[in-house]
Amino acid sequence: MDIKTQLSNVKAAVLAGIAISIGGMALTKLGSGFGTVLFSVGLIAVFVLGGKLCTGMFGYVRSGRAALDCLIALLVNSVTAYICGLLYKACCGEAAAIAAKLAKPLYHVFLSGTVCGILIYIAVEGWRKTGQLLAVIVPVAAFVGIGAEHCVADAFFFGAGSGMNFQGLVWWLCSVAGNVVGGLLAGFLKLSPKPAASKELESKKG
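Just so you know, these numbers come straight off a predicted model, no measurement behind them. (Residues numbered from 1 in each chain as written. Predicted model: local features only at pLDDT ≥ 70, side-chain atom pairs only at ≥ 80, totals over all residues. Heavy atoms only, no water.)

Engineer: Please set out the packing of helix α7 (residues 106-130) against helix α10 (residues 166-189) residue by residue, giving values where relevant.
Structural biologist: Packed helix pairs are characterised by how far apart their axes lie and by the angle those axes make with each other. α10 packs onto α7 with a crossing angle of 40 degrees between their chain directions and a minimal axis gap of 6 Å. As far as their axial angle goes, α10 and α7 are oblique. With respect to the hand of their crossing, α7 and α10 are arranged in right-handed fashion. Among the residues forming the contact of α7 with α10, the class breakdown is 13 nonpolar, nine polar and no charged. (Axes fitted to C-alpha atoms, helices over the stretch in contact; angles between N-to-C directions. Helix = DSSP H or I, 4+ residues; strand = E, 2+ residues; numbered from the N terminus. Parallel < 35°, antiparallel > 145°, perpendicular 65-115°, else oblique. Left-handed = near helix turned anticlockwise from the far one by under 90°. Nonpolar A, V, L, I, M, F, W, Y, C, P; charged D, E, K, R; others polar.)

Shown next, in the form of structure tokens:
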């Protein structure tokens, strides 16, 4: 991969980190009601503007090259989101959300991260197959509504909250691990309808 392509990928990952941070700002300001729906603006911006978001890539890792791309996207997404969180805190004051998150046991963080990974995979597949925003909004609103952990959004919340320390880093890595496992699990278990069976069903309906 040449330098120009790498720089393009980094720019796309920065864009995704900013987009998810904007969703985090909406959730922080508006709470778990309307903010739950508006958080999806982050993933919508990634699709519409061509960003590279690691959580949307995890379920498609099939090679070492793809794994490295995911790792780079994860680092760039998260550093960008953390910086956005610091800027948010400087402008609007410290957000309290991270304190409640850190109270969760690590196994809960991992399991809820797994659920988030599955739902993000559903959103990505929904967008790829339908191109409809509703296919993105519903699964994103679902994982936000149930409190599932999204590692890039969590990086924003750490920046906007108390900052990152060793305890927070371990907590965040559990969120990352859950997102990875959820995405890979959904990708592994996915079933595609057979074209022949679909045509046969349509002919019977006719």
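Engineer: Run through the side chain of lysine 101, naming residues and quoting values.
Structural biologist: Inspection of the secondary structure assignment puts lysine 101 in helix α6 (residues 97-102). Exposure remark for lysine 101: the relative accessible area of 15% places this residue in the buried category. At 2.7 Å, the side chain of lysine 101 forms a polar contact with the side chain of glutamate 149. For lysine 101, the side chain forms a polar contact with the side chain of aspartate 154, separated by 3.2 Å. Once you skip the residues sitting within four places of it in the chain, lysine 101 turns out to touch Glu149, Asp154, Phe157 and Trp171. (Buried < 20%, exposed > 50% of the residue type's maximum accessible area, 1.4 Å probe, protein only. Polar contact = N/O pair within 3.5 Å; in protein donor to acceptor, adjacent residues only side chain to side chain. Contact = heavy atoms within 4.5 Å.)

Engineer: Give a description of the environment of alanine 12 that names residues and reports values.
Structural biologist: Relative to the assigned elements, alanine 12 resides in helix α1 (residues 3-30). Sequence spacing of alanine 12 and leucine 184 is 172 residues, and the spatial spacing of their C-alpha atoms is 22 Å. With residues near it in sequence (within four places) discarded, alanine 12 still touches Gly50, Gly51 and Lys52.

Engineer: Account for the confidence of the model for the protein chain, with residues named and values stated.
Structural biologist: Averaged over all residues, the pLDDT of the protein chain is 88; the fraction at 70 or higher stands at 92%. A low-confidence stretch, residues 196-201 stays under pLDDT 50, and its non-local contacts, those more than four residues away or across chains, total one contact. (pLDDT = per-residue confidence, 0-100.)

Engineer: Describe the pattern of salt bridges, with residues and values.
Structural biologist: Pairing is possible between side chains of opposite charge, provided their charged atoms come close. Per the counting criterion, the structure on display carries six salt bridges. A salt bridge links lysine 129 to glutamate 125, with the shortest nitrogen-to-oxygen separation between them at 3.5 Å. On the criterion of helical spacing, the pair formed by lysine 129 and glutamate 125 is a turn pair, its members being four residues apart in helix α7. Measuring nitrogen to oxygen at the nearest pair gives 3.4 Å for the salt bridge that ties lysine 190 to glutamate 125. Of the two residues, lysine 190 is situated in the loop between α10 and α11 (195-205) and glutamate 125 in helix α7; the sequence distance between them amounts to 65 residues. Salt bridges here are not isolated pairs; linked through shared partners, they connect Lys101, Lys104, Glu149 and Asp154. (Salt bridge = Lys/Arg side-chain N within 4 Å of Asp/Glu carboxyl O.)

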